[in-house]
Structures are given as C-alpha cells and as structure tokens.
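Analysis of the macromolecular model
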Amino acid sequence: MSLLTVSQLEAGYEPGLSIVKGASIHADKGEIVVILGPNGAGKSSLIKAIAGIVPVTGGSVVLDGEDITAVPAHLKIRKGLAFVPQTENVFPLMSVEENLAVAAGVFRGAAAPIEEMFALFPDLARQRRLAAGSLSGGQRQMLACARALIVRPGVLMLDEPSAGLSPKFVEQVFARLVEIRASGVTIVLVEQNARAALAIGDRAYVLVEGREAHEGPAKTLWDDPLIAELYLGHRKEGVQ
Ligand SMILES: Nc1ncnc2c1ncn2[C@@H]1O[C@H](COP(=O)(O)OP(=O)(O)O)[C@@H](O)[C@H]1O
Ligand SMILES: [Mg+2]
C-alpha cells in the first residue's frame, strides 16, 4: 500500500465548479513523485486540496492507511503531511532562526531540533541571524523546506520550488530534495521545470484539465515524444 493515496479527488474554489476533476495519484515511501502539466491544469489546486487548503468535494486522501480527506489543514501537518507553497512560504521580517523556531514551536514534542535543520542546510546556518526576506531565492526555498521538515513529515509536498531561480540554484535546491528523499521522506513535487524535475524524480504524472492524463517512470516520460510535444513544451531533441 502506498504511503499517500489520492483517489478520484474533486476540489474547487466555488460551489459547483470543480478545478480538480477526479485526480488519482499515489506516492510510495521514499519516492519523488513529479506532477507536471500545462499552466492552469490544476497542479497547485491539486496539492492544495491534498493539503486541505482548497475545499474537497469528492474522492479521498489516505495517508499511511488513514483517511485524512476531511482533516483540517493544520492537523494534516501533525499527521505527517507537509506542504511548501510556491510563494509567501517564509516570514520575511523574521530571522532564519526565528522562522525555524516558530515552526518548531508550533510542533513542540514532534519537532526536529533547529540545529538538525542547520546541519542539513549549511547555507542557512551561516545566515541564521539574517532576515529571511534578505535571502536569495534559492536560500529562501531551502528555508521553506527546512520549516516544513522540522515537523518530521512522512510526505513533503512542494509547489514549484524552482520558480524564479537561476539554473545554479535550481540545481542546489533539487540536490537537497535528493538528500531529503535519501532520509526516507516521500516527496510530491509540482514543477514547471520538467527536465530538472524528471532528472531527480522516480515517477511522474502529467495533469491535464484537473486530472492525470499520463503516468510513468520519470526517466521514460522525458523521452516520450508524444508527451514531450503535447505537454512539456519541447520536442524530442529539444531543450526546454
Ligand atoms: N484562488 C482561486 N480562486 C479561484 N480560481 C482559482 C484560484 N486559484 C486557481 N484558480 C483557477 O484554477 C485553475 C487551475 O489553477 P492552478 O491550480 O493554479 O493551476 P496550475 O498550478 O497547474 O498552473 C485555473 O483556471 C485558475 O484560474
Ligand atoms: Mg501552479
């Protein structure tokens, strides 16, 4: 049985108007599962619905055998499902250390010590007293990851962590995701940067109009000419 199983999920922002239209995905322990798809396909809405931020009107979310579909968002985090939104994912006026302290404080008892996060993200350790708002984009994404990881989640969901980053920082953030996977955390990664995401992913889904249109091993999805042309914005030999 998968660690996270999402079945026939329906969700949306207004009554009677589904944006997520019967999406089914699953993630096994220690996998990086990539979710790709054109702009407006509902990728963000899907992971927000899984996280409990967008109202779910049908289907189910099962984490480690427990149906958590109706569990409020803040309690889903306690059950081990962490979510890093695309933007506004740190407190810019607080220091790096204070950002981690707030996250740890909310989860007293189950939280990893802040020093453990600094060991995982040495760049952040060096800048612990800086305001989070003054970090580079890549470091800010790492802080957002560290804030999510401090609750020791089983599943970490990220919405486009590479957005707005230069290739060098994309590489750094994705290298960290590989390390996080090695520590046993399951990662659900929504990305526009298909090439970089498929390079580190185990399996991938292509979401089209609110439901998964294709699923496959990350390595072969990149090479599938049909998928490439239809959804990933490049032709077979093309560079994104
Ligand atoms: N807060 C919101 N309120 C109403 N509609 C929204 C909201 N956020 C997104 N949508 C709509 O949901 C659809 C899917 O958006 P989104 O999930 O952001 O797609 P993606 O992340 O794949 O680009 C779009 O048509 C978008 O306009
Ligand atoms: Mg999005």
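Here, every reference points to the structure presented above.
The sections below set out a description of the structure shown in this document. (Residues numbered from 1 in each chain as written. Chains lettered and ligands numbered in written order. Predicted model: local features only at pLDDT ≥ 70, side-chain atom pairs only at ≥ 80, totals over all residues. Heavy atoms only, no water.)

Another aspect to go through is the overall build of the protein. Counting its secondary structure elements, the protein contains 10 helices and 10 strands. For 240 residues, the compact-globule estimate of 2.2 N^0.38 gives 18 Å, and the protein sits close to it at 17 Å. With respect to the three principal axes, the spread of C-alpha positions in the protein is 50 × 40 × 35 Å. Sorting the 240 residues of the protein into buried and exposed places 50% on the buried side. On the protein, roughly 10900 Å² of surface is accessible, and the fraction owed to carbon and sulfur atoms is 55%. Within the protein, one finds 23 positive and 26 negative side-chain charges whose respective centroids are separated by 5 Å. (Helix = DSSP H or I, 4+ residues; strand = E, 2+ residues; numbered from the N terminus. Rg over C-alpha atoms; globule rule 2.2 N^0.38 Å. Buried < 20%, exposed > 50% of the residue type's maximum accessible area, 1.4 Å probe, protein only. Areas by Shrake-Rupley, 256 points an atom, 1.4 Å probe, with all protein chains shown as cover. Lys, Arg positive; Asp, Glu negative; His and termini not counted. Charge placed at Lys NZ, Arg CZ, Asp CG, Glu CD.)

Turning to the packing of helix 3 (residues 96–106) against helix 6 (residues 137–149), a few remarks are in order. Where helix 3 meets helix 6, the closest approach of the two axes is 8 Å, and the angle between their N-to-C directions is 25 degrees. Taken together, helix 3 and helix 6 sit at an angle that is classed as roughly parallel. Of the two elements, helix 3 crosses helix 6, and the hand of that crossing is right-handed. Contact residues: helix 3 offers Val96, Asn99, Leu100, Val102 and Ala103, while helix 6 offers Leu143, Ala146 and Arg147. (Axes fitted to C-alpha atoms, helices over the stretch in contact; angles between N-to-C directions. Parallel < 35°, antiparallel > 145°, perpendicular 65-115°, else oblique. Left-handed = near helix turned anticlockwise from the far one by under 90°. Contact = heavy atoms within 4.5 Å.)

Following the criterion strictly, the structure yields 10 salt bridges and no others. In this structure, Arg129 engages Glu97 in a salt bridge whose closest nitrogen and oxygen atoms are separated by 2.8 Å. In this pair, Arg129 sits in the loop between helix 5 (122–126) and helix 6 while Glu97 sits in helix 3, placing the two residues 32 residues apart along the sequence. Accessibility expressed as a relative area gives 22% for Glu97, which makes it partly exposed. Put simply, Arg181 and Asp202 hold a salt bridge, and the shortest N to O gap is 3.0 Å. Here Arg181, found in helix 7 (residues 167–182), pairs with Asp202, found in the loop between helix 8 (194–200) and strand 9 (203–208); they are 21 residues apart in sequence, far enough to count as distant. Three or more residues are tied together by salt bridges with common partners; here these are Glu97, Glu115, Arg128 and Arg129. (Salt bridge = Lys/Arg side-chain N within 4 Å of Asp/Glu carboxyl O.)

Moving on to the sheet that holds strand 4 (residues 56–63). In spatial order, the strands read 2-1-4-5; together these four strands make up an open sheet with antiparallel pairing. Each edge of the sheet is formed by a strand with only one pairing partner; in this case those strands are strand 2 (20–27) and strand 5 (66–67). Sheet analysis places strand 4 next to strand 5, joined by two bridges and oriented antiparallel. If you follow Leu63 over to strand 5, its bridge partner there is Glu66. Most of the contacts of helix 1 (residues 43–51) go to strand 1 (residues 4–11), to which it runs at about 110 degrees, and overall it touches strand 1, strand 2 and strand 4. (Pairing = 2+ DSSP bridges.)

With that settled, the discussion passes to the sheet that holds strand 7 (residues 155–159). Sheet architecture is open: six strands sit in the order 6-7-8-3-9-10, paired in mixed fashion. The sheet is open, and its two edges are formed by strand 6 (81–84) and strand 10 (211–217), each paired on a single side. Direction aside, neighbouring strands of the sheet carry axes that sit 20 degrees apart on average. With four bridges connecting them, strand 3 (residues 32–36) and strand 9 associate as parallel partners. When the bridges of strand 9 are listed, Val33 appears paired with Arg203. Its contacts with the sheet place helix 6 against strand 6 and strand 7, and it is angled at close to 160 degrees to strand 6. Sheet contacts for helix 7: strand 3, strand 7 and strand 8 (186–190); angle to strand 8, the most-contacted strand, approximately 150 degrees.

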